[in-house]
Amino acid sequence: NAGVTQTPKFQVLKTGQSMTLQCAQDMNHEYMSWYRQDPGMGLRLIHYSVGAGITDQGEVPNGYNVSRSTTEDFPLRLLSAAPSQTSVYFCASSYLVTGGVPYEQYFGPGTRLTVT
Amino acid sequence: AQSVAQPEDQVNVAEGNPLTVKCTYSVSGNPYLFWYVQYPNRGLQFLLKYITGDNLVKGSYGFEAEFNKSQTSFHLKKPSALVSDSALYFCAVRDRLTGGGNKLTFGTGTQLKVEL
């Protein structure tokens with residue numbers, strides 16, 4: 001049971017380049033999400049998904065796209081990288097809320113992205 | 001809208017002493033509350049959560065948290081700190097009325113440093 005995996009661990013991009021951050025989980029979780037972590041700002045939600053084929057925007061979605069074609073995978077695409085997207089990106093997954101009660105989320109190890 | 005405040009960027013405590021990491025929240029209804037911990041270069045790990053019932057919640061590694069509805073607080077505590085507790089701690093909240101799967105709002109984090 002690998003949990004939540006993310007690739008790559010590190011990435012350097014030039015302004016304007018595009019790339020995809022990969023996220024996969026093997027726990028059959030319906031809910032998956034992407035956060036970015038910046039100093040002094042905590043974690044901010046970028047996009048989330050409640051199941052295959054269903055995605056929605058979080059707090060800071062601009063400049064990012066997601067898709068969810070399978071339960072296991074939830075890639076995050078940067079369309080045209082900007083220096084403001086320099087950050088650490090975390091993917092997380094959990095079971096969906098049941099009876100109104102939320103489950104704890106499991107986080108991947110993160111991807112450290114630098115845009116120059 | 002839901003929000004979380006962690007008023008201290010850093011908390012320093014001597015090993016063996018009790019520790020408290022503060023968290024206050026704002027939601028329109030009743031909250032679900034969480035604490036997560038992040039060790040260097042790692043993803044977040046779940047510590048404990050408050051759903052309902054007893055205001056004192058016990059979690060992993062000897063941590064506990066006290067829910068206080070009148071003060072809208074959910075402070076993290078441990079009776080005797082260890083050097084290995086040194087890490088970044090995040091409080092998170094979810095309003096019971098919020099849709100959108102398992103969306104959480106995180107605080108900005110508190111760096112705990114436990115010294116010998």
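Provided above is the structure to which this section pertains.
**Overview of the pairing of strand β4 (residues 31–38) of chain A**
Residue and element names in this part refer to chain A. The element β4 is extensively covered by neighbouring structure, given that eight of its eight residues are classed as buried. With seven bridges joining them, β4 and strand β9 (residues 87–94) adopt antiparallel strand pairing. Across the sheet, the residue bridging to methionine 32 is serine 93, located in β9. In this structure, β4 lies alongside strand β5 (residues 42–51), joined through seven bridges in antiparallel fashion.

**Quick notes on the interface of chain A and chain B**
Across the boundary between the two partners, chain A contributes 25 residues, which contact 22 residues of chain B. In this assembly, chain A packs against chain B so that about 1,800 Å² is buried in total across both faces, 58% of it on carbon and sulfur atoms. If you look at where chain A meets chain B, you find one salt bridge. The partner of glutamate 104 of chain A in a salt bridge is lysine 49 of chain B, and the shortest N-O contact between them spans 3.2 Å.

**Digging into the layout of surface pockets**
Estimated volume of the largest pocket: approximately 490 Å³. At the level of elements, β4, β9 and β11 (111–115) of chain A together with β10 (87–95) of chain B are the ones that each hand at least two residues to the lining of the largest pocket. Of the residues in the lining of the largest pocket, the class split is ten nonpolar, eleven polar and five charged. Approximately 280 Å³ is the volume found for the second largest pocket.

**A short note on the state of the cysteines**
A full pass over the atoms with the stated rule returns two disulfides over all chains. Across the disulfide from cysteine 23 of chain A sits cysteine 91 of chain A; the S-S distance is 1.9 Å. In this structure, the disulfide formed by cysteine 23 of chain A and cysteine 91 of chain A twists by about -70 degrees around the S-S bond and is classed as left-handed. Note that cysteine 23 of chain A is positioned in strand β3 (residues 19–25) and cysteine 91 of chain A in strand β9, a separation of 68 residues in sequence. Of the two residues examined, cysteine 23 of chain A and cysteine 91 of chain A, each falls in the buried class. With a sulfur-sulfur separation of 2.0 Å, cysteine 23 of chain B is cross-linked through a disulfide to cysteine 91 of chain B. Here the S-S torsion is close to -60 degrees, and the disulfide linking cysteine 23 of chain B with cysteine 91 of chain B is therefore left-handed. One end of the pair, cysteine 23 of chain B, is in the loop between β3 (19–21) and β4 (24–26); the other, cysteine 91 of chain B, is in strand β10, and 68 residues separate them in sequence. Of the two residues, cysteine 23 of chain B and cysteine 91 of chain B, both sit in the buried class.

Reading guide: rules and limits
For every chain, the first residue of the written sequence is number 1, and numbering continues from 1 along that sequence. Throughout, the order in which chains and ligands are written sets their labels, letters from A for the former and numbers from 1 for the latter. Where local features are concerned, this predicted model is filtered to residues with pLDDT of at least 70; where side-chain atom pairs are given and counted, the filter is 80 or more; whole-chain, interface and lining totals use all residues. The basis for every side-chain value is the complete set of non-hydrogen atoms in the structure, without hydrogens or water. A 1.4 Å probe rolled over the protein chains alone gives each residue an accessible area, and that area as a share of the maximum for its type sets the label: buried under 20%, exposed over 50%, partly exposed in between. A run of H or I in DSSP counts as a helix once it spans at least four residues, and a run of E counts as a strand once it spans at least two, with each numbered from the N terminus. DSSP bridges decide pairing: two strands pair if at least two such bridges lie between them. The contact criterion used is simple: two residues touch if any of their non-hydrogen atoms lie within 4.5 Å. Buried area is calculated as the accessible area (1.4 Å probe) missing from two parts once they are joined, with the contributions of both summed. Here, a salt bridge means any Lys or Arg side-chain nitrogen found within 4 Å of an Asp or Glu carboxyl oxygen. A pocket, in this scheme, is an open set of points on a 1 Å grid over the protein atoms alone with protein on both sides within 12 Å along at least 5 of 7 lines, while a cavity is a set where a 1.4 Å probe fits but cannot get out; residues line either one if an atom lies within 4 Å of a point. Grid points are joined across faces, edges and corners, and a volume is the space filled by probe spheres set on the points. Following the grouping adopted for this structure description, the nonpolar residues are Ala, Val, Leu, Ile, Met, Phe, Trp, Tyr, Cys and Pro, the charged ones are Asp, Glu, Lys and Arg, and the polar ones are all others, Gly among them. Only a pair of cysteine sulfur atoms within 2.5 Å qualifies as a disulfide here.

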